[in-house]
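# Architecture at a glance
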Amino acid sequence: MRRTKYNSLVAFVAVMMFTGCGGRKAASQPDTNDSAEADKVLYERAMNDLQHNRYEVTRLTMQTLINTYPDSEYLAKAKLAIADSYFKEGGTTGLTQAVAEYDQFIVFFPFLDEASYAQMQIAMAHYRRMEKADRDRTEALEAEAAFQTFLQKYPRTELTPKAEQRLREVQETLAEGDYRIATFYYIRRADKAAAPRLLDLVNRYPLYSDADRANWMLASIYERNQHNDVASTYYAKLVKEYPLSPLASGAKAKLVKFGAPVPQADPTALARMQREQEIPRDRPGLLRRPVEALKTGPDVSSAARVGAPTLTPQSAEPGDTLAPGAGLSVVASGGASGGGNASGTAAYVETVSPGSPDPPASASGGTSSPASGSASGGSNDPPTASTGASSEGQPTTTGNPGQSASGVADPSGQVPQRANQGESSSKKKKGKKNQPQPLVQPQPQLQPQPQPQ
């Protein structure tokens, strides 16, 4: 009897021990699974915080995931979520930090599909910080470069149409800024300042909403500076590339006046302008204008909706010399075109490459200034050969003392010639570098005394 009880007790203990070991083994299995999926739990928890705008908690959780599980499959997603948290938080600090985080993501994971999204977010961060056309354009230039990089690296993604439209809006803002500055100088007939900006505008931003007016202004500048051949080029461009513009009929009349051929409208440009007119635009009305004035961002309602934006990067700043491709370049104009009673300071100089010597004086006096090259002193026309050097190569008595035929100060003279007011800054610096320094201080100009017979 006792032996039977003993055997039963041993069997009961064995069963309990077996059950306990199995229980511990079964309990330890969920612990292993929880440890393997802890990174997933952290990621899902952080994404839930991001959706509820808890940005600080999101970044703390994601950083914990990155530091604790460096080999996790959620590593790239965690870094991208940190950048998204800064982007959604916004503000100057948030967007700046977001750009840095997106840049790091592209550096560490350049071959992931999310790299295109990160590049798009970089461009959008600069786009959100972009200011109005008449203010600082640093962010607009950064946005343009970022969108161009996206379209060049990822030309076929679902984000490409959105990137193209945002790039058109950015370039509309940049072109509007150049157009306003050029208009300011154009009205005041400061052609030296207006023409380079208009040249860059019409060549770089053909989709600009006022590109037809910019071509008209540029052609008018050349026309009033008596370069009708160059003016005809831009009048013809207006007729060909902007056939539905209200200025097209006037440009045709100008071409007929100059005897230049009138081109036919480009079918592609005509179709583009017709599609632009069919697209409805949400322009701010009278009641919304005061509200729009309080916004820091630009008004992009006039931006093009059709056409390929410019993908070439920004070039260097335009120089002082305006070089349309002809032999002469207009570098300044302060008065009316032509006319013997004009009081402008228009200068006609030959195009000079950097580092090359000054060009010699031509028979038409192309390197002389009309303000100082003629004794009559009342015309804006280029000086004739009578105002240049004589047959022996010596300056005539009608010129100023100390000035040679090419308008450069002669070191042998006693009175150095002052630089012309219409001369470009680059030629002034070049002249100062190449000319020998006079031995005497500048004195007031004196009339030459007649020699005794």
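Residues numbered from 1 in each chain as written. Predicted model: local features only at pLDDT ≥ 70, side-chain atom pairs only at ≥ 80, totals over all residues. Heavy atoms only, no water.

### Points about the overall build of the chain
- Helix and strand counts for the chain come out as 15 helices and 2 strands.
- Residues classed as buried in the chain amount to 38% of the 453 residues present.
- In the chain, of all internal contacts separated by at least 6 residues, the share reaching a separation of at least 24 is 57%.
- When the accessible area of the chain is evaluated, it comes to approximately 26700 Å², of which 54% is carbon and sulfur surface. (Helix = DSSP H or I, 4+ residues; strand = E, 2+ residues; numbered from the N terminus. Buried < 20%, exposed > 50% of the residue type's maximum accessible area, 1.4 Å probe, protein only. Contact = heavy atoms within 4.5 Å. Areas by Shrake-Rupley, 256 points an atom, 1.4 Å probe, with all protein chains shown as cover.)

### What to know about helix α6 (residues 114–128)
- The terminal C-alpha atoms of α6 lie 21 Å apart, and with 15 residues this matches the ideal 21 Å at 1.5 Å per residue to within 8%.
- The buried fraction of α6 amounts to 12 of the 15 residues, a majority that puts the element mostly inside the structure.
- Residues Ala115, Ser116, Ala118, Gln119, Met120, Gln121, Ile122, Ala123, Met124, Ala125, His126 and Tyr127 constitute the buried set of α6.
- At its buried positions, α6 is contacted by α4 (75–89), α5 (91–108), α7 (138–153) and α8 (160–187). (Expected span 1.5 Å × (residues − 1).)

### Concerning the environment of Asp200
- For Asp200, the location among the structural elements is in helix α9 (residues 191–204).
- Here Asp200 falls in the partly exposed class, since its relative accessible area comes to 23%.
- Counting along the chain gives 25 residues from Asp200 to Ala175, while the straight-line C-alpha distance between them is 9.2 Å.

### Quick word on the confidence of the model for the chain
- Averaged over all residues, the pLDDT of the chain is 74; the fraction at 70 or higher stands at 59%.
- Across the chain, α6 holds the top mean pLDDT of 97, while strand β2 (residues 347–350) sits lowest at 36.
- Within the model, pLDDT remains below 50 along residues 21–32, and this stretch shows 0 contacts once partners closer than five positions in the same chain are excluded.
- Every residue in residues 316–446 scores below 50 in pLDDT, and together they form 170 contacts with partners more than four places removed in sequence or on other chains. (pLDDT = per-residue confidence, 0-100.)

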